[in-house]
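Here is how the chains run, residue by residue.
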Amino acid sequence: MKPILHPSLVNDPLGDPGLFVQFLYEKRAFLFDLGDLSPLTNADLLKVTHVFVSHTHIDHFIGFDRFLRIVFGRDKTITLYGPENFIANVEGKLAGFTWNLVDRYEESLTLEVVEVRPDRLRRATFRAIEKFQRSDERDEPFDGGVILDEPALSVSAAILEHRVPCLGFALKEKFHVNINKDGLTSMQLEPGEWLNRLKQNIYEGASDETSVQVPVTVNGTQETQEFALGTLKEKLVTITEGQKIAYVTDTVYTPENVPRIVELVREADLLFCESPFIAEEEDRALERRHLTTRQAGLLAREAGVKQLQTFHYSKRHSHQTDLLVREAQETFRGE
Ligand SMILES: [Zn+2]
Ligand SMILES: [Zn+2]
């Protein structure tokens, strides 16, 4: 199986938290948290369609300006998710600039901002062409789980405790479409862009009779052949379990929080979990509303995740990051 989702931390574990997830074969990415974004290129940021902000402490939100600078003046809609008060936080950022020249741009950026509350999703729109005035405020039902639902993937959020509400996120590929190379060879078909359309049809649940146009080369000339989706599925496609990637930061190990985190990240292929403090600093972690290495390991273990990567290390441990890694991994493996 060739993974579709390619996640990597934006900074090293002592730097600002953030996760960049690229999609294979697509010019698309998701960004979790907007801290220091300097390692990301402008081209990286231009791929981002959805931003998921855990909370707006400065180390998670200072990068909003850089992001806005890059996407401003483009004909795009970008959706940003965050916890309670997030619409006001974004509005405050936008109000910090002067927008009298927006009508000189031919392309207009739209920001859809979604605030995740316990009982609903509150949405507001900010259009560059309207000088980023807040508009179209409306509420949508929220069942405490999925905040983004697309044919191929979903993102869930859990509201966690950090003295302020802080969101944890899980990104799930609903199922994985594998293309069988031997099948391509035996049908004498070349891989190409059409495979993305084929996958799209499958994710959208198109009927087996749907016709799929496939470019073929006959005697050195390019032609298009039509195949029924059902035929291609039967000869070329194997469906397997999709990937799950979870991101949890800035929260605390309490009896209320632990089950929320475990449920959110259950059986993730890869959990990115903060661990600012070493195991013996449990009191400090509780007081600061953060996790220790051991607690990150316990959460990952209880949730049955396959791989744990810790980050958001406290600068006080910059001389012993190996200890932070070891304590978390040993607890995770039950050693
Ligand atoms: Zn933080
Ligand atoms: Zn914080």
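Residues numbered from 1 in each chain as written. Chains lettered and ligands numbered in written order. Predicted model: local features only at pLDDT ≥ 70, side-chain atom pairs only at ≥ 80, totals over all residues.

## Considerations on the overall build of the protein chain
Line of reasoning, step 1. Scanning the protein chain from terminus to terminus reveals 11 helices and 18 strands.
Line of reasoning, step 2. The globule rule puts the C-alpha radius of gyration for 335 residues at 20 Å, and the 22 Å found for the protein chain is close to it.
Line of reasoning, step 3. Reported as C-alpha extents along the three principal axes, the dimensions of the protein chain are approximately 70 × 60 × 40 Å.
Line of reasoning, step 4. Buried positions account for 36% of the 335 residues belonging to the protein chain.
Line of reasoning, step 5. A separation of at least 24 residues holds for 60% of the contacts in the protein chain among residues at least 6 apart in sequence. (Helix = DSSP H or I, 4+ residues; strand = E, 2+ residues; numbered from the N terminus. Rg over C-alpha atoms; globule rule 2.2 N^0.38 Å. Buried ≥ 20, exposed ≤ 12 C-beta atoms within 10 Å, placed from the backbone. Contact = placed C-beta atoms within 7 Å.)

## So, the sheet that holds strand β16 (residues 244-248)
Line of reasoning, step 1. Across the sheet, 6 strands lie side by side as β9-β10-β11-β16-β17-β18; this open sheet has mixed pairing. Every other strand in the sheet has two partners, leaving β9 (146-149) and β18 (308-311) as the edge strands with one partner each. Put simply, the sheet's adjacent strands are angled 15° from each other on average, direction ignored.
Line of reasoning, step 2. Of the pairings in the sheet, the one linking strand β11 (residues 165-173) to β16 comprises 4 bridges and is antiparallel in character. Its bridge partner being in β16, L171 is matched across the sheet by I245. (Pairing = 2+ DSSP bridges. Axes fitted to C-alpha atoms, helices over the stretch in contact; angles between N-to-C directions.)

## Some remarks on unusual backbone geometry
Line of reasoning, step 1. With a phi angle near 55°, K131 is a residue other than glycine that sits in the positive phi range.
Line of reasoning, step 2. For K131, the location among the structural elements is in the loop between β7 (120-127) and β8 (134-141).
Line of reasoning, step 3. Phi is positive for F132, which is not a glycine, with a value near 55°.
Line of reasoning, step 4. Inspection of the secondary structure puts F132 in the loop between β7 and β8.

## Here we look at the pairing of β7
Line of reasoning, step 1. Across 7 bridges, the pairing between strand β6 (residues 110-116) and β7 is antiparallel. What sits directly across from V113, in β7, is A124.
Line of reasoning, step 2. As paired strands, β7 and β8 are joined by 6 bridges and run antiparallel to one another. Directly across from R123, in β8, lies its bridge partner R138.
Line of reasoning, step 3. Once β7 ends, the chain turns through 6 residues before running back antiparallel as β8, passing K131 with a positive phi of about 55°.

## Concerning the nonpolar core
Line of reasoning, step 1. If you look at the biggest cluster of nonpolar residues, it comprises 73 residues, and the most contacted ones within it are F169, A246, V265 and L271.
Line of reasoning, step 2. Formed jointly, this core draws a minimum of three residues from each of two domains, domain 1 (1-174) and domain 3 (251-335).
Line of reasoning, step 3. Beyond its immediate stretch of four places on either side in the chain, L271 contacts A246, V248, V265, A300, V305 and L308. (Core = buried A, V, L, I, M, F, W, Y, C linked by C-beta atoms within 7 Å. Domains from an automatic or database assignment.)

## Regarding the sheet that holds β6
Line of reasoning, step 1. Within the open sheet, the 8 strands sit side by side as β1-β2-β3-β4-β5-β6-β7-β8. Their pairing is mixed. Only two strands of the sheet have a single partner each, and these edge strands are β1 (5-9) and β8. Looking at each pair of strands side by side, their axes are set apart by 20° on average, direction ignored.
Line of reasoning, step 2. Across 4 bridges, strand β2 (residues 19-23) lies against strand β3 (residues 29-32) in antiparallel orientation. Counted as the bridge partner of Q22 is A29 from β3.
Line of reasoning, step 3. Of the strands in this sheet, β5 (77-83), β6, β7 and β8 touch helix α4 (residues 86-94), which is tilted by about 145° from β6.

## Thoughts on the environment of P259
Line of reasoning, step 1. Looking at where P259 falls in the secondary structure, it is placed in helix α8 (residues 257-265).
Line of reasoning, step 2. In this structure, the C-alpha to C-alpha distance between P259 and R284, residues 25 residues apart in sequence, is 21 Å.

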